[in-house]
Amino acid sequence: MNLQAVKHPTQNLASDWWKNSVVYQIYPRSFLDSNHDGIGDLPGIIQQLDYLQNLGVDMIWLSPHFDSPNVDNGYDIKDYQKVMAELGTMADFDDLMAGLKARNMHLIIDLVVNHTSDQHAWFQESSSSISEQNPYRDYYIWRDPVNGAEPNNYPSFFGGSAWEYCPSRGQYYLHYFAKQQPDLNWENPKVRQEVYDLMRFWLNKGVSGFRMDVIPFISKPEGLPNLTAEQLEHPEYVYANGPHVHEYLQELHQAVLAPFNAMTVGEAFGVTFENAPLFTDASRQELSMIFHFDVVRLDRDNWRKTEWSLPQLKATLAALDSVPNEQGWNTSFLCNHDNPRIVSHFGNDSAQWRELSAKALAMVYLCQRATPFIYQGDELGMSNFPFTQLDQYNDLEVKGMWDKWVATGKVSEAEYLRHQAQTSRDHARTPMQWSNQPNGGFSIGQAWLEVNPNYTVINAADQIRRSNSVYCFYQALIQLRKHLPVLVRGVYQDLDPEHAHLYVFQRFLPTSTKQNGSRIWVAINFSETEQIWEIPSHHTDCSMSQLSVLLDNYSHSNRPEKRRLQLQWEKNSAHIRLEAWQAIVIEFQN
């Protein structure tokens, strides 16, 4: 059934309305359990809408809520037009939409259309028969065996081959992820129309757009040739460069997105900086923006943890800022449901430095020229779980890679677990810590994944009460971003890219240099010792009366009003002194 576009709230907004937004990602099964079955749900989200509104975010990204067997925590979809029973009902979804609209907040949902569940009706039909009379015969990627084995050497991201044999057809089907997640055949125009229809279904319900899961993978390599040894090290760069991906996205934009003025953010795993503008240049009419993983994977080699340095991080952020042309736009994030916690990854999660470094890192990604995405719990400074053994993990990827690396004797159990303790996706998926009550107030029942034991000291109830908490700092920073256009659209410039411990950058509006708030400095100390930044001579032509510290993580206010500089701006010696993990925003008044 073709659902036609109806009047939608975003149709009355500017075409780039999402650039001014601050997005909050909810992983629903880990947010709040309302019925005490140990799994978060939609009514639990509804209960905390005031919490989200008070934080200051204006858009929610809801990770998959569709009917699913949960092989990959909802990213294996059985029915796109039905809510997963564990999460609630369609009536609950409608109540969630109503609650968000009442608070002038937007909702985007996960669009997972590179693959479905193997329990989806399309796959059940497609796998039943190879007959040309089967209308679903070509809804997926099927190939005959080659020499009695897989059609090629494509690997799955979850371990093993990306091909699975189906006896009823006598063929293999392609799955870039789990074998229960067969890849759809986007070359079939009927498949594309099915996708457009399901998108219209949710847009007509009031959602404002989509986060598009592994969307560059929808076009498969021409002829499906074997990968070279080098390509096998990082197959995502092959999978993300199919010959028709831009053709498909432009068709999708014209058919669905444009009539609704919908926002899209694509998961761009495998998309290089050089190719990114092809997806996000507004004149090409494909996606609004994409997620680059170069920052969050800076110190990763697949599941292995590697070293990183602050100059490397700054260089990556600068390169990322330079990617969009005048018609493009970026996302800014340091965590999501697939990456470890920010404060454990880039900060210091010890008792002494956790809150200060969590605030400093918030300043890093909320002050970029991009739409920021906050992952649930990062506004509290939630940290990595102290995993020590395999049976503590839920993640399918962890277990699949165990079979590939440990079970085969390629690496030791101790080495594998040491790396996963720093890199696993499950760190971000532990339940939200609402209070110091059992299970962190997430559920009265046994939580589906163990709650981090530090919930007694890291929880929302405590932080809402404390004016100097991480949560209140996020509030202040979000309000500052909304108060100052320069923090949204101003030019970005790193002022000292090679400094080993300080990250100092400015944002400025070159077309309005005579206005207050047209130039901002952000200075962050990434170390546990005092640091002094020698100010370049061409930046010392101002007086104390022209400077205001708008935000300081050592003593911050919830209000975005200017206040006099409290730190040492030592004009005569031209340097700024920052304490350990101190982070400040300075405004220059003309």
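See the structure printed just above.
Caption draft 1: The overall build of the chain, seen in detail. For the chain, the helix and strand inventory stands at 18 helices and 23 strands. Relative to the globule expectation of 25 Å for 590 residues, the C-alpha radius of gyration of the chain, 24 Å, shows essentially globular dimensions. A burial count over the chain gives 61% of its 590 residues as buried. In the chain, which carries 47 positive and 69 negative side-chain charges, the distance between the mean positions of the two groups comes to 5 Å.

Caption draft 2: Representation of the side chain of Thr116 in the model. Of note, Thr116 is situated in the loop between β5 (106–111) and α4 (121–126). Its relative accessible area of 0% is what places Thr116 among the buried residues. Polar side-chain contacts of Thr116 include one of 2.8 Å to the side chain of Tyr140. Discounting chain neighbours no more than four positions away, the residues touching Thr116 are Ile77, Tyr80, Trp122, Tyr140, Gln180, Gln181, Pro182 and Leu184.

Caption draft 3: Here's a closer look at the pattern of salt bridges. Taken as a whole, this structure holds 26 salt bridges when the rule is applied. Each member of the salt-bridge network shares a partner with another, and the members are Asp72, Asp338, Asp395, Glu397, Arg425 and Arg429.

Caption draft 4: Representation of helix α12 (residues 354–366) in the model. Helix length check: α12 (13 residues) gives 18 Å between terminal C-alpha atoms against 18 Å at 1.5 Å per residue, within 8%. By the criterion of burial, α12 is predominantly enclosed, with 13 of the 13 residues buried.

Caption draft 5: Looking closely at the sheet that holds strand β7 (residues 163–166). Spatial ordering of the open sheet is given by β6-β8-β7, a layout of three strands whose pairing is antiparallel. In the strand order of this sheet, the two ends are held by β6 (142–143) and β7, each with one partner. Bridge count for β7 against strand β8 (residues 171–174) is four bridges, and the pairing is antiparallel. In the strand pairing of β8, Cys166 is matched with Gln171.

Caption draft 6: View of the state of the cysteines. Taken as a whole, this structure holds zero disulfides when the rule is applied. Take Cys335: it sits in no disulfide, and the sulfur closest to it among the cysteines is that of Cys367, at 18 Å. When its relative accessible area of 3% is taken as the criterion, Cys335 is described as buried. In this structure Cys472 is not part of a disulfide, and its nearest cysteine sulfur, from Cys367, lies 17 Å away. The class for Cys472 is buried, based on a relative accessible area of 4%.

Caption draft 7: Seen up close, the sheet that holds strand β23 (residues 583–588). Pairing in this open sheet of five strands is antiparallel, and the strands run β16-β17-β18-β23-β20 from one edge to the other. Since the sheet does not close on itself, it has two edges, and those belong to β16 (491–494) and β20 (547–552), each with one partner. Each adjacent strand pair in this sheet contributes to an overall mean axis angle of 20 degrees, direction not counted. Bridge count for β16 against strand β17 (residues 502–508) is four bridges, and the pairing is antiparallel. The partner of Tyr492 across the bridge, within β17, is Arg507. Packing against the sheet, helix α17 (residues 470–483) makes contact with β20 and β23, and its axis sits at approximately 135 degrees to β20.

Caption draft 8: Structural detail: the nonpolar core. Judged by nonpolar contacts, the single largest core of 152 residues is most densely connected at Tyr24, Leu52, Val57, Phe93, Phe210 and Met363. Those residues in contact with Val57, other than ones at most four positions away along the chain, are Val22, Tyr24, Leu52, Met105, Ile374 and Ile478. Ranked by size, the runner-up nonpolar core spans 16 residues in total, among them Trp17, Trp18, Val296 and Val488.

Caption draft 9: Up close: the pairing of strand β18 (residues 519–525). Most of β18 sits out of view: six of its seven residues are buried. Strand direction decides the pairing type here: β18 and β23, joined by six bridges, are antiparallel. Bridge pairing in β23 links Arg519 to Phe588.

Caption draft 10: A look at the packing of helix α5 (residues 189–204) against helix α8 (residues 245–260). As a packed pair, α5 and α8 sit with axes 10 Å apart at the nearest point and diverge in direction by 25 degrees. As summarised for this structure, α5 and α8 are arranged roughly parallel, according to the angle between their axes. For the element pair α5 and α8, the recorded crossing hand is right-handed. Judged by residue contacts, Arg192, Tyr196, Met199, Arg200, Leu203 and Asn204 of α5 engage Tyr248, Glu251, Leu252, Ala255, Val256, Leu257 and Phe260 from α8. Residues belonging to the contact of α5 with α8 are distributed by class as follows: nine nonpolar, one polar and three charged.

Caption draft 11: Quick look at unusual backbone geometry. For Asn147, which is not glycine, the phi torsion reads 55 degrees and is therefore positive. Relative to the helices and strands, Asn147 is located in the loop between β6 and β7. One non-glycine residue, Leu224, lies in the positive phi region at around 50 degrees. You can see Leu224 is positioned in the loop between β9 (209–212) and α6 (229–233). Residue Leu224 is classed as buried on the basis of its relative accessible area of 7%.

Caption draft 12: Structural detail: helix α13 (residues 396–405). Regarding α13, the residues found buried are Val398, Gly400, Met401, Trp402 and Trp405. Contacts made by the buried residues of α13 are with β13 (304–305) and α14 (413–423). Where α13 starts, the residue carrying a side-chain oxygen 3.1 Å from the main-chain nitrogen of Glu397 turns out to be Asp395.

Caption draft 13: Representation of the packing of α13 against α14 within the structure. Interaxial distance between α13 and α14 falls to 11 Å at its minimum, and their mutual angle equals 155 degrees. It follows from the interaxial angle that α13 and α14 lie roughly antiparallel. Taken as a pair, α13 and α14 cross one another with a handedness that is right-handed. Only Glu413, Tyr416, Leu417 and Gln420 of α14 make contact with α13, whose side of the interface consists of Glu397, Val398, Met401 and Trp402. Split into classes, the residues belonging to the contact of α13 with α14 amount to five nonpolar, one polar and two charged.

Caption draft 14: Just the environment of Thr408, in detail. Tracing the chain through its elements places Thr408 in the loop between α13 and α14. Among the polar contacts listed, one links the side chain of Thr408 to the backbone oxygen of Lys404, at a separation of 2.6 Å.

Caption draft 15: Spotlight on the packing of aromatic side chains. If you walk through the whole model with that rule in mind, you get 46 aromatic pairs. Relative to Phe505, the ring of Tyr492 lies with its centre 5.3 Å away and its plane at 40 degrees, an arrangement referred to as tilted. Of this pair, Tyr492 sits in strand β16 while Phe505 sits in strand β17, placing them 13 residues apart in sequence. A residue is classified by how much of its surface remains accessible, and Tyr492, at 8% relative accessible area, is buried. Of note, Arg29 hangs over the ring of Trp448, and the distance from its end group to the ring centre comes to 4.4 Å. The aromatic ring of Trp405 is capped on one face by Lys410, whose charged end is 5.5 Å from the ring centroid.

Reading the values: the criteria
Residues numbered from 1 in each chain as written. Predicted model: local features only at pLDDT ≥ 70, side-chain atom pairs only at ≥ 80, totals over all residues. Heavy atoms only, no water. Helix = DSSP H or I, 4+ residues; strand = E, 2+ residues; numbered from the N terminus. Rg over C-alpha atoms; globule rule 2.2 N^0.38 Å. Buried < 20%, exposed > 50% of the residue type's maximum accessible area, 1.4 Å probe, protein only. Lys, Arg positive; Asp, Glu negative; His and termini not counted. Charge placed at Lys NZ, Arg CZ, Asp CG, Glu CD. Polar contact = N/O pair within 3.5 Å; in protein donor to acceptor, adjacent residues only side chain to side chain. Contact = heavy atoms within 4.5 Å. Salt bridge = Lys/Arg side-chain N within 4 Å of Asp/Glu carboxyl O. Expected span 1.5 Å × (residues − 1). Pairing = 2+ DSSP bridges. Disulfide = S-S within 2.5 Å. Axes fitted to C-alpha atoms, helices over the stretch in contact; angles between N-to-C directions. Core = buried A, V, L, I, M, F, W, Y, C linked by side-chain atoms within 4.5 Å. Parallel < 35°, antiparallel > 145°, perpendicular 65-115°, else oblique. Left-handed = near helix turned anticlockwise from the far one by under 90°. Nonpolar A, V, L, I, M, F, W, Y, C, P; charged D, E, K, R; others polar. Phe/Tyr/Trp six-rings, centres within 6.5 Å; stacked < 30°, edge-to-face > 60°. Lys NZ or Arg CZ within 6 Å of the ring centre and 35° of its normal.

Limitation: the analysis is restricted to geometry and does not speak to function.
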